[in-house]
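One-letter residues, chain by chain:
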Amino acid sequence: MEKICVAVRVRPPTPESSSSENGSSLWKVEDNRISLHKSLDTPISTASYAFDHVFDERSTNACVYELLTKDIIHAAVEGFNGTAFAYGQTSSGKTFTMTGSETDPGIIRRSVRDVFDRIQMISDREFLIRVSYMEIYNEEINDLLAVENQRLQIHEHLERGVFVAGLKEEIVSDAEQILKLLDSGEVNRHFGETNMNVHSSRSHTIFRMVIESRGKENSSTDAIRVSVLNLVDLAGSERIAKTGAGGVRLTEGKYINKSLMILGNVINKLSESSKLRAHIPYRDSKLTRILQPALGGNAKTCIICTIAPEEHHIEESKGTLQFASRAKRITNCAQINEILTDAALLKRQKLEIEELRMKLQGSHAEVLEQEILKLSNQMLKYELECERLKTQLEEERGKQKEQEQCIKEQQLKIENLNNLVTNSDFKKNQSEDFISLRRTQVGRCNVNDSSGFPGTPCFESAEPSFVVARSKYSGLSDFNTWTKLNKGFVPDLDQLQFTPAIKRQPTPLIAATTECSRENQKVVEDLKSQIELLTSEKDSLQVKFSEQVVLNNKLLGEISELKEGTLHMKEIPKLLSESVANCKDVYKDVIVTMKTLMAEKESPTAKLFFGVTGITTSLLSTLESQFSMILDGTRSGAMEEKLKSELSIVKERYNELEKELSLDKLLLKASRESHERLEKEVQFLKEERDSLDVAVSQSTQRLRVIASDKENALKDLNVELCLSSRQKSLMSFHNEIKSKMQKLTTQNPKLK
Ligand code: ADP
Ligand code: MG
């Protein structure tokens, strides 16, 4: 157990502040103590803090690296996990400390170079180094080495622990290659402009190196060491109010403050005595989840807290120092992370026996030595038997774990499918397999990759044999073997951060007697009974599992039914929209007919009717547009809930409208009836008119006949009149003649 190493660094005052604040700093640094002084140089007793190191304004990055981080870096090469992170308000010098400048490179660059220098010095081991670079921006993890890898998810695996799925890991062969990768990653960082610092970083960045190594000689029998080195540059810890931020900056600020607050909470909890310590909220933020092993876990950790010396930053500086004081109380338990192979285990045991034999030589009789030899052989046999049984046990455990995992995955799938039913948004790749990722990563280094993958540089200068061998170790089958041979120890670096290293007990050869063999026998018996127990447990689990499978199948069936239902549901808006459009058309036709039939357009009934039709038409149009909007998919998936509520409102309105429509239909029916009545009347009248027409035409004809008769009669009358006048004239003529004749006879009686 060792305490986290905590240091404070005061940055030099800015040129503006040194002129306005008369140049003298309020923070005084003496050895490893920093204290706040009043302007008249009297110290404030409550504001004095001691740390492992305190660096004043004149300190360089080289000095910080030498005193604070060098040991951690060297330990990382030896196989210990290591983490260094910078904490402090914006513009206090975090990035300067981690990244540095051209003339004074920061911790990251110095570490990279130092790792390779160190490797050069270790001649009996070969190394494989992988690097990744990520940022946490607004609680989202982005890959800085592959811009397309955005919003990466943290996954937790039973054996692998916490890991960032899909994060690109580059295999590197020299420091320059890493520095180039860092430069390209730096370009992808999120910078913002606040009042505090023009280029203040708004994201936490984590640069990660995974260092794997093994002995060059007897490489197949040597253990492999895997360590992880995290170098973290945190975003500014200042309060939002002070940055004067708004909009996007405010949102960023909130996320930064939240994750730093959770980091503070984690540190608070960890600094409490282990008795008081309850739940550590690592899971509350992505930063603390990723840094979990570095905080109270299996890692050597150092924190550099940076403060700004200006008077107006006093409150922030005090906050930083309080954070640092709490962090100082955290203890970690770092151990070398070794992956022991079967051969490596045997080799170690042989060495131990050899050592003991050397000690025995000369001081004991030959007989005793032979006896010991015999016993050691026997013991080796028993140990092998033990190993075999343990392997068997581990296998059983592995199967059990697999089954549990399988059940979990099934449950996860059901949950996902449920989500799918509600959200129509299935998030794939829930459980990406890290083993395959590693295989891909290492494999990519092995061959000249022509698949068009984001290029992993070819591991040229490292010995190819190791790279090939590592790719073999990363294979699934070997992974299992390693697991077995390491007594539950998983050959994975993420897992190794949490798993205590194996401690091999020295073989008690001196006390080796028949009792030892009996003990071994007992162990074997115990193991056998454990295996039996586990087998029965496994059987019951298998039964449960098959029940679960049946249940799952049932659930899947239900889900598919639900899906179908959903698909039908999705059709509803379309059908509704069509029926609304039809209704609208029919309604328009009806209205047009009604209007033509409406005799008195100004009557109150007509006005009411027009009013109602207007409202109905507008409602129908609204309904139609709503449906078309739904169909067009103008509303995003995220607004689905809102849409649903709107749909229910629309449905209600639709129901109301339907009611109104049915009322209208009744009205329409009544008006149709009256229309039919009227039509009948019209028909009747028409018939009457027709009959009258017929009668009229008949009368006209009769009149015509009469008229012609009259004319004829008149003609006859005229003729008669003519005749009578002629008769009269004849008569008068006759009378005249008669009178003339009488006269003449009288005058001449002789004529008689
Ligand atoms: P942070 O990352 O905390 O927001 P920076 O590292 O960007 O702050 O520092 C802000 C400014 O102060 C930069 O211009 C940087 O060069 C300068 N600075 C910080 N620390 C030092 C230092 N120890 N020596 C010289 N300049 C420094
Ligand atoms: Mg910064």
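Look above for the structure.
An account of the accompanying structure is given in this report. Note that this is a predicted model, so its numbers are computed, not measured. Position labels on residues start from 1 in each chain and follow its written sequence. A letter from A marks each chain and a number from 1 marks each ligand, given out in the order of writing. Whole-chain, interface and lining totals are the exception, using all residues; otherwise, since this is a predicted model, local features are given only for residues with pLDDT of at least 70 and side-chain atom pairs are given and counted only at 80 or more. The basis for the side-chain values is all heavy atoms of the structure; hydrogens and waters are excluded.

Helix and strand counts for the protein chain come out as 18 helices and 19 strands. Each residue's exposure class comes from its accessible area (1.4 Å probe, protein chains only) as a fraction of the maximum for that residue type: buried when under 20%, exposed when over 50%, partly exposed otherwise. Looking at the 752 residues of the protein chain, the share that counts as buried comes to 41%. Across the protein chain, contacts joining residues at least 24 apart in sequence account for 75% of those joining residues at least 6 apart. The protein chains shown are the only cover counted for residues, whose accessible areas, like all others here, come from Shrake-Rupley with a 1.4 Å probe. Looking at the protein chain as shown, the accessible area adds up to about 42,100 Å², and 55% of this sits on carbon and sulfur atoms. Where helices and strands are cited, they refer to DSSP runs of H or I of at least four residues and of E of at least two residues respectively, numbered from the N terminus. Should any heavy atoms of two residues lie within 4.5 Å, those residues are considered in contact.

Within the secondary structure, Asp52 sits in the loop between strand E5 (43-50) and strand E6 (53-55). Overall, the relative accessible area of 36% leaves Asp52 in the partly exposed class. Along the backbone, Asp52 and Lys328 are 276 residues apart, and their C-alpha atoms lie at a distance of 8.5 Å. Those residues in contact with Asp52 that sit more than four places away from it in its chain are Ile4, Cys5, Val6, Asn32 and Lys328.

So, about a nonpolar patch on the surface. Patch membership requires over 30% relative accessible area and the absence of a salt bridge. Like charges are linked within 9 Å, and nonpolar side chains (Val, Leu, Ile, Met, Phe, Trp, Tyr) within 5 Å. A carboxyl oxygen of Asp or Glu within 4 Å of a side-chain nitrogen of Lys or Arg is what we treat as a salt bridge. Together, Leu730, Phe733, Ile737 and Met741 make up a nonpolar patch on the protein surface, roughly 410 Å² of accessible area in all. You can see Ile737 is positioned in helix H18 (residues 640-747). Taking the relative accessible area as the measure of exposure, Ile737 reaches 33% and is therefore partly exposed.

Time to look at the pairing of strand E8 (residues 125-137). Burial runs high along E8: 13 of the 13 residues are buried. The alternating pattern of E8 places Arg125, Phe127, Ile129, Val131, Tyr133, Glu135 and Tyr137 on one face and Glu126, Leu128, Arg130, Ser132, Met134 and Ile136 on the opposite face, and all of these are buried. Being paired, for any two strands, means DSSP has found at least two bridges between them. Where E8 lies against strand E15 (residues 204-215), 12 bridges are found, and the strand directions are antiparallel. Bridged to Phe127 within E15 is Ser213. Bridge analysis of E8 against strand E12 (residues 170-172) gives 3 bridges, and the strand direction is antiparallel.

Take the pattern of salt bridges next. For the coordinates displayed, the defined rule picks out 17 salt bridges. Across the pair Lys70 and Glu66 runs a salt bridge, and its minimum N-O distance is 2.5 Å. With Lys70 and Glu66 both in helix H2 (residues 61-78) and 4 residues apart, this pair spans about one turn of that helix. You can call Lys70 partly exposed: its relative accessible area is 24%.

With that settled, the discussion passes to the site of ligand 1. Being near a molecule or strand, for a residue, means having at least one of its heavy atoms within 4 Å of it. By nearness alone, 12 residues border ligand 1, and Ser91, Gly93, Lys94, Thr95 and Phe96 come closest of all. Here a polar contact means two N or O atoms within 3.5 Å. Within protein one must be a hydrogen donor candidate and the other an acceptor candidate, and residues neighboring in sequence count only if both atoms are side-chain atoms. Measuring from an oxygen atom of ligand 1, one finds a side-chain N or O atom of Lys94 at 2.8 Å. At a separation of 2.7 Å, an oxygen atom of ligand 1 approaches a polar side-chain atom of Thr95. Protein contact buries 71% of the 550 Å² of open area that ligand 1 shows by itself. No other element matches helix H3 (residues 94-98), which puts 3 residues into the shell around ligand 1.

The subject of this paragraph is unusual backbone geometry. A positive phi angle, near 70°, is found at Ser91, a position not held by glycine. In this structure, Ser91 sits in the loop between strand E7 (82-88) and H3. Phi is positive for Glu139, close to 60°, though the residue is something other than glycine. Checked against the element boundaries, Glu139 lands in the loop between E8 and strand E9 (140-143).

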